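If you want the building blocks of each chain, they are given just below.
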Amino acid sequence: SKNTRGDLAWLQAQGWPDRIRRHLRYGGKVIGICGGFQMLGANVDDPHGVEAVAGRSTGLRLLDLDTTLTRQKRLAQVSGRCAFAPDAQDARVTGYEIHMGVSTGDALTRPAFEIDGRPEGACSDDGQVLGTYLHGLFDHADACAALLRWAGLHSAHVIDTAALREASLDRIADAAAPLLERLLMGA
């Protein structure tokens, strides 16, 4: 989300909070990334009108945290491990943080990740809700496998999204090569 409070208002108007709570009651999992992470908390404050009109929005209240939107943007390439995973030492993660906001609260004492030696994100006490500022967390095969296990998919098959992306780009290049050759030859 590039407009956390506006998107949160839309979710609430569409009745999503009740559907999400029902999903959790039936054993489902919820993950929030960046603005989605901020929405999982109790409140999202925008005292400076960073996204729109200054004000406060009530969050989904699935994690015990509050977020204050800031004028400063955090942008960083990061790496670490999945703290939520039972095999956390083996579950490496890489990605990037890009957000305008600072989250605080008790939920942060149960971090989802350990990034560059610091706790990052949060997990609910029951382990059903996970939130993070980390983008690209599904791009590392170890983290993707750990997240799928967290969500309930226990499979020996590991998805290497980086290799899939490279193979897809190679297929596109192979398909485009004859057309490019004709264009360059003036056909």
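Preceding block: the structure.
Since the structure is predicted, the reported quantities are computational estimates derived from the model, not experimental observations.

**A few points about the overall build of the protein chain**
Scanning the protein chain for helices and strands turns up 5 helices and 12 strands. By its C-alpha atoms, the protein chain is 60 × 40 × 35 Å across when sized along the principal axes. For the protein chain, the proportion of its 187 residues judged to be buried stands at 39%. Considering only intrachain contacts with a sequence separation of at least 6, the fraction spanning at least 24 residues in the protein chain is 57%. Roughly 10,700 Å² of accessible area belongs to the protein chain as shown, and the carbon and sulfur atoms make up 55% of that amount. Of the side-chain charges in the protein chain, 20 are positive and 23 negative, and the distance between the mean point of each set is 6 Å.

**Notes on the pattern of salt bridges**
Side-chain pairs of opposite charge can arise whenever the charged atoms involved come near each other. Counted according to the given criterion, the structure contains 5 salt bridges. A salt bridge links arginine 81 to glutamate 114; its shortest N-O distance comes to 3.3 Å. Pair noted here: arginine 81 is in strand S5 (residues 74–82) and glutamate 114 is in strand S8 (residues 113–115), with a separation of 33 residues, a long-range link. Residues arginine 110 and aspartate 125 are paired through a salt bridge, measuring 2.8 Å at the closest nitrogen-oxygen approach. Note that arginine 110 is positioned in the loop between strand S7 (102–104) and S8 and aspartate 125 in the loop between strand S10 (122–123) and strand S11 (129–132), a separation of 15 residues in sequence.

Conventions adopted
Residues numbered from 1 in each chain as written. Predicted model: local features only at pLDDT ≥ 70, side-chain atom pairs only at ≥ 80, totals over all residues. Heavy atoms only, no water. Helix = DSSP H or I, 4+ residues; strand = E, 2+ residues; numbered from the N terminus. Buried < 20%, exposed > 50% of the residue type's maximum accessible area, 1.4 Å probe, protein only. Contact = heavy atoms within 4.5 Å. Areas by Shrake-Rupley, 256 points an atom, 1.4 Å probe, with all protein chains shown as cover. Lys, Arg positive; Asp, Glu negative; His and termini not counted. Charge placed at Lys NZ, Arg CZ, Asp CG, Glu CD. Salt bridge = Lys/Arg side-chain N within 4 Å of Asp/Glu carboxyl O.

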